[in-house]
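The lines below spell out each chain.
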Amino acid sequence: MKSPLVLLFTRDDDFAQSVREAVSGTGAVVLIARDVRDGLQIVRRRGRELDFALMDFDDGCGGRTLLSAVHTCYERLPIVVTTSEAAEQASFLAWANGARTCLKKPLSAAGFAKVIADVTNCAASSTSRGLTKAIYYE
């Protein structure tokens, strides 16, 4: 079985490290995009290979722009979005633009690892990209 390929959109180095740690046991390869341009280049070059995407919405509209573009091109790709605790509107925008799961920060390490493992395991199955039901974790 191939290692999962993950697109991570964030400018936060600590968050990127948390993601790497959360997926370390899965063998996943994490491609980090620091801005929308990098994210679009990764999607253009490797979009068909991606198993899921993780997008941090704490950087303003960049995450929403990338989410919309990725969902438009690969609507069956599972996408996990993280938002700040007070960003209720961002969660609604994420759902409307194709996010499968929304997580509010701060995230517990164990809870975050479980969500990533769930998405990674679903992405590894051949039917995972057909799932459209959104999952919300507090």
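Please refer to the structure higher up on the page.
What comes next is a walk through the structure.

What counts, and where the lines are drawn
- Residues numbered from 1 in each chain as written.
- Predicted model: local features only at pLDDT ≥ 70, side-chain atom pairs only at ≥ 80, totals over all residues.
- Heavy atoms only, no water.
- Helix = DSSP H or I, 4+ residues; strand = E, 2+ residues; numbered from the N terminus.
- Contact = heavy atoms within 4.5 Å.
- Areas by Shrake-Rupley, 256 points an atom, 1.4 Å probe, with all protein chains shown as cover.
- Buried < 20%, exposed > 50% of the residue type's maximum accessible area, 1.4 Å probe, protein only.
- Arc of directions from axis to C-beta.
- Pairing = 2+ DSSP bridges.
- Right-handed = clockwise from strand over helix to strand, strands pointing away.
- Core = buried A, V, L, I, M, F, W, Y, C linked by side-chain atoms within 4.5 Å.
- Salt bridge = Lys/Arg side-chain N within 4 Å of Asp/Glu carboxyl O.

1. Points about the overall build of the protein
Phase 1: Summing up its helical and strand segments, the protein has five helices and six strands in all.
Phase 2: Order of helices (α) and strands (β) in the protein, N terminus to C terminus: β-α-β-α-β-α-β-α-β-α-β.
Phase 3: In the protein, the proportion of contacts linking residues at least 24 apart, taken out of those at least 6 apart, comes to 65%.
Phase 4: Working note: accessible area of the protein is about 7200 Å², and carbon and sulfur atoms make up 52% of it.

2. Brief notes about helix α4 (residues 88-96)
Phase 1: Among all positions in α4, only A90, S91 and A94 are buried. Projected onto a plane normal to the axis of α4, the buried residues spread over an arc of 100° and lie on a single side. Turned more than 90 degrees away from the buried face of α4 sit Q89, F92 and A96, all of them exposed.
Phase 2: The inward-facing, buried residues of α4 abut α3 (61-73), β4 (79-83) and β5 (101-104).
Phase 3: Where α4 terminates, the next one or two residues include G98, which has phi positive at roughly 105°.

3. Focus: the pairing of β4
Phase 1: Most of β4 sits inside the fold, with five of its five residues counted as buried.
Phase 2: Neither face of β4 is exposed, since I79, V81 and T83 on one face and V80 and T82 on the opposite face are all buried.
Phase 3: Bridge count between β4 and β5: four bridges; the pairing is parallel. Its bridge partner being in β5, T83 is matched across the sheet by K104.
Phase 4: For the crossover from β4 across α4 to β5, the handedness is right-handed.

4. Examining the nonpolar core
Phase 1: L7, M55, V70 and V81 are the most contacted members of the largest nonpolar core, which has 23 residues in total.
Phase 2: Counting only elements with at least two residues in this core, the list comes to β1 (5-9), β2 (29-33), α2 (36-46), β3 (52-56), α3, β4 and α4.
Phase 3: Judged by nonpolar contacts, the second largest core, of 17 residues, contains F15, V19, V30 and F112.

5. Some words on the pattern of salt bridges
For side chains bearing opposite charge, pairing can occur when the charged atoms are close.
Phase 1: Evaluated as defined, the whole model comprises three salt bridges.
Phase 2: For D13, the salt bridge is made with R34, and the minimal N-O distance between the two is 3.1 Å. On the criterion of sequence distance, the pair formed by D13 in helix α1 (residues 13-23) and R34 in the loop between β2 and α2 is long-range, its members being 21 residues apart.

6. Considerations on the environment of D12
Phase 1: Looking at where D12 falls in the secondary structure, it is placed in the loop between β1 and α1.
Phase 2: Along the primary structure D12 and D56 are separated by 44 residues, whereas in three dimensions their C-alpha atoms are 8.6 Å apart.
Phase 3: With near-sequence residues (within four places) excluded, D12 lies in contact with R34, D56 and K105.

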